[in-house]
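Chains, contacts and geometry: an overview
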Amino acid sequence: MGEETGTSGPHRAAGYEIGVLLRRAHRKAADAFNEVLRPLDIQGRHFGILLLLHQHGPLSQRQLIDHLGSDKSAMVRSLDDLEARKLCIRKPAAHDRRAHAVALTPTGREVFETAERDARKVSVALLDGFTPAERLQFGQFLTRFIAD
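Position numbers for residues start from 1 in each chain and track the written sequence from start to end. Reporting of local features is limited, given that this is a predicted model, to residues whose pLDDT is at least 70; pairs of side-chain atoms are given and counted only at 80 or more, and all residues count toward the totals for whole chains, interfaces and linings. Water and hydrogen atoms play no part in the side-chain values, which are based on all heavy atoms of the structure.

**Topic: the overall build of the protein chain**
Summing up its helical and strand segments, the protein chain has 7 helices and 3 strands in all. Where helices and strands are cited, they refer to DSSP runs of H or I of at least four residues and of E of at least two residues respectively, numbered from the N terminus. Going from N to C terminus, the protein chain has its helices and strands arranged as α-α-α-β-α-α-β-β-α-α. The 148 residues of the protein chain split such that 26% are buried. If you sum the accessible surface of the protein chain, you get close to 10400 Å²; carbon and sulfur atoms cover 56% of it. Under the scheme applied here, a residue whose accessible area is under 20% of the maximum for its type counts as buried, over 50% as exposed, and between as partly exposed, the area being computed with a 1.4 Å probe on protein chains only. Residue exposure ignores everything except the shown protein chains as possible cover, and the areas themselves are Shrake-Rupley values with a 1.4 Å probe.

Take a look at the structure:
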């Protein structure tokens with residue numbers, strides 16, 4: 001009876017279990033993404049930083065934290081990793097010498113471009129079971145879900 005009403009099994013409507021479903025979806029996407037990033041010696045957390053720096057130019061650590069919903073210590077670790085790989089640099093911010101601006105290096109741009117190409121391939125593969133209209137709608141739903 002539950003399957004017929006849509007309240008049990010794989011076809012039930014997302015209700016209180018939405019957190020579990022989102023976590024499983026995140027894990028599936030993160031695992032696939034991290035697998036293609038492994039040869040570049042970066043992870044998804046690094047890619048997010050490279051993406052923001054590519055899109056916006058130099059940003060403060062605070063801006064990166066705010067954009068990514070990260071905490072300060074995790075951001076410092078990620079930036080340390082990227083700096084050690086010479087993918088970004090931290091320098092005094094032009095508007096506030098007490099703050100640091102983070103910028104991509106030429107090597108960081110190259111790694112980002114490769115990672116972005118690979119990310120697109122992973123996204124296509126992850127959404128392969130959806131029609132083009134469903135892919136668009138899925139992205140719109142997620143964007144609306146996370147909007148502040």
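After that view of the structure, there is still more to cover.
**So, the side chain of Q61**
Mapping Q61 onto the fold places it in helix α4 (residues 61-68). Pairs of N or O atoms are called polar contacts if they sit within 3.5 Å, as long as, within protein, a hydrogen donor faces a hydrogen acceptor (for residues adjacent in sequence, only side-chain-to-side-chain pairs). Here the side chain of Q61 touches R90 through a polar contact of 3.5 Å, side chain to side chain. Residues are treated as being in contact if the distance between any of their heavy atoms lies within 4.5 Å. Those residues in contact with Q61 that lie beyond four places of it in its chain are M75, V76, L79, R90, H100 and V102.

**Things to note about the packing of helix α3 (residues 44-56) against α4**
Inter-axis angles, ranging from 0 to 180 degrees, are taken between N-to-C directions of lines fitted to C-alpha atoms, where helices are fitted over the stretch in contact. For the pair α3 and α4, the least separation of the axes is 11 Å and the interaxial angle reads 115°. One way to sum up the angle between α3 and α4 is to call them roughly perpendicular. Between α3 and α4 lies a crossing whose hand is right-handed. Judged by residue contacts, G48, I49, L52, L53 and H56 of α3 engage L64, H67 and L68 from α4. Here the word oblique covers every angle except those under 35 degrees (roughly parallel), over 145 (roughly antiparallel) and from 65 to 115 (roughly perpendicular). Take the far helix as the reference: if the near one is turned anticlockwise from it by less than a right angle, the crossing is left-handed, and if turned clockwise, right-handed.

**Some remarks on the sheet that holds strand β1 (residues 59-60)**
Read from one edge of the open sheet, 3 strands run β1-β3-β2, paired in antiparallel fashion. Two strands close off the open sheet at either side, each with one partner strand: β1 and β2 (88-92). Whether two strands pair depends on DSSP finding at least two bridges between them. Two strands pair when backbone bridges link them, and β1 and strand β3 (residues 100-104) are joined in this way by 2 bridges, in the antiparallel orientation. Directly across from S60, in β3, lies its bridge partner A101.

**Section: the packing of aromatic side chains**
Two numbers describe a pair of aromatic rings. These are the distance of the centres and the angle of the planes. Aromatic rings from Phe, Tyr and Trp, taking only the six-membered ring of Trp, are treated as a pair when their centres fall within 6.5 Å; an angle between ring planes under 30 degrees marks them as stacked, one over 60 as edge-to-face, and anything in between as tilted. The final tally for this structure, using the stated rule, is 3 aromatic pairs. Ring geometry for F33 and F47: centres 5.0 Å apart, planes at 85°, overall edge-to-face. Remark: F47 occurs in helix α3 and F33 occurs in helix α2 (residues 18-37); sequence separation between them is 14 residues. Its relative accessible area of 10% is what places F47 among the buried residues. Ring pairing ties together the aromatic residues F33, F47 and F112, which thus form one cluster.

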